[in-house]
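Chains, contacts and geometry: an overview
Below, each chain spelled out in residue letters.
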Amino acid sequence: MAILIIASHDRPDWWARELQQRDPDLDVRIWPDVGDPADITYALAWKPAPGALASLSNLAIVFSLGAGVDHLFEDPDFPAHVAVVRVVDPYLTAGIREYVLLHTLRYHRNQPALDQQQRDHVWDDRARELRQADEQGVGILGLGELGQASANALSNLKFDVAGWSRSPKDLPGITCFDGRGGLDALLGRSRILICLLPLTPETEGILGAELFSRLPMGAYLINAARGGHMIEADLIPALEDGRLAHATLDVFREEPLPGDHPFWDHPQITVTPHNAAITDPRSVVIQILDDIGRHQRGDALSNQVDTRLGY
Ligand code: NAP
Ligand code: GLV
């Protein structure tokens, strides 16, 4: 039994070190130094090269090194019989919660406009619209691990929080909507809209002109999910005609965001480099080793992805 790390952009040595510190007897290999591919039972992967996983004939589980698994299913040769496990980790959840709080508060306090006032040497203490947190409708697309943690944190700050999911939910302090039929109601009340959906065929391109047109005029958008959720060509027109006031984007269709991309310099867009939450190997290898133990005992895995749904 050997473990292969396929994560060329994501600190493979660190993952190997953390695994071996916890169990020095583990046979850990780093792509592309696979040795005999038939030795590999488990893979830890982030954006693996297409076909890499399919080349491992005895692969039983692939552990996504992030919460999202879309990067695995992008591979047309992804081996359908292999179990997929994703990260659910308190530090990752905390990272997203912090990001959502930071940027929601920034919008609630009208900080982008105040930053501009400072650049223009303008003192206007009435520039901030007087709207209390409980009058601020915040909508969260996705009420899973990260959406619920963010919704609860915002609700604790007294924001008027609603969320949207595929299946119905009943969460204290959060107004819950579900399914295509529930989306309109969520959008209509969301002055600040936060995307925390997984990227699947159903959610690809959801953030586009049609959805923006159903938000209150001058709404704010925070996308901390995936770049594929956004129809990028629709964003700047929505900002320029006032439909949206500002957008904060952590994720993009192409990452790193190309140097000549118009989002970099747009005054109504904040760009962050896909770092809303970063997987911490020190914490996540504990979960991975626990799941390997479960697999070897024949027990159910934790955080196994439903590959039919894609999340
Ligand atoms: P999760 O626990 O699987 O939750 C996903 C939520 O989305 C669930 O509430 C699910 O509904 C809902 N959903 C899925 N498809 C839907 C659809 N078609 N219509 C309506 N709702 C739908 O995922 P998570 O752990 O919260 O993570 C969400 C995403 O965040 C990840 O997939 C990843 O792409 C992104 N992420 C980004 C960063 C970053 O640094 N920017 C870090 C971590 C994660 P049900 O509850 O009904 O299943
Ligand atoms: C990061 O984007 C993740 O999916 O964890």
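Structure: see above.
Quick summary incoming for the structure in this document. (Residues numbered from 1 in each chain as written. Chains lettered and ligands numbered in written order. Predicted model: local features only at pLDDT ≥ 70, side-chain atom pairs only at ≥ 80, totals over all residues. Heavy atoms only, no water.)

**Description of the site of ligand 2**
Inspection of the region around ligand 2 gives Trp46, Gly66, Ala67, Gly68, Leu92, Arg226 and His274 as its neighbouring residues. In this structure, an oxygen atom belonging to ligand 2 sits 2.7 Å away from a side-chain N or O atom of arginine 226. Histidine 274 is positioned with one of its side-chain polar atoms (N or O) 2.6 Å from an oxygen atom of ligand 2. Summarising the interface, the protein chains cover 86% of the accessible area of ligand 2, which totals 190 Å² for the free molecule. Here the shell around ligand 2 is composed, by residue class, of 3 nonpolar, 3 polar and 1 charged. (Near = heavy atom within 4 Å. Polar contact = N/O pair within 3.5 Å; in protein donor to acceptor, adjacent residues only side chain to side chain. Areas by Shrake-Rupley, 256 points an atom, 1.4 Å probe, with all protein chains shown as cover. Nonpolar A, V, L, I, M, F, W, Y, C, P; charged D, E, K, R; others polar.)

**Structural notes on unusual backbone geometry**
A cis amide bond links tryptophan 31 with the next residue in sequence, proline 32, at an omega value of 10°. The step from glutamate 255 to proline 256 runs through a cis peptide bond, and the omega angle for that step is -5°. Its location among the elements puts proline 256 in the loop between strand 11 (244–249) and strand 12 (269–271). Phi at histidine 274 takes a positive value of approximately 45°, unusual for a residue other than glycine. With respect to the helices and strands, histidine 274 occurs in the loop between strand 12 and helix 9 (281–297). Judged by relative accessible area, histidine 274 falls into the partly exposed class, the value being 25%. For asparagine 303, which is not glycine, the phi dihedral falls at a positive 60°. Within the secondary structure layout, asparagine 303 lies in the segment after helix 9. Judged by its relative accessible area of 29%, asparagine 303 is partly exposed. (Helix = DSSP H or I, 4+ residues; strand = E, 2+ residues; numbered from the N terminus. Buried < 20%, exposed > 50% of the residue type's maximum accessible area, 1.4 Å probe, protein only.)

**What to know about the packing of aromatic side chains**
Counted according to the given criterion, the structure contains 4 aromatic pairs. Between the aromatic rings of phenylalanine 73 and phenylalanine 78, the centroid separation amounts to 5.2 Å while the plane-to-plane angle is 85°, which identifies the pairing as edge-to-face. By relative accessible area, which is 14% here, phenylalanine 78 ends up buried. For the pair tyrosine 107 and tyrosine 220, a centre-to-centre distance of 4.2 Å together with 20° between the ring planes defines the contact as stacked. Here the residue tyrosine 107 occupies a position in helix 3 (residues 90–108), and tyrosine 220 occupies one in strand 10 (residues 219–223), the gap between them amounting to 113 residues. The class of tyrosine 107 is buried, set by a relative accessible area of 2%. (Phe/Tyr/Trp six-rings, centres within 6.5 Å; stacked < 30°, edge-to-face > 60°.)

Any functional reading would require information that these geometric values do not contain.
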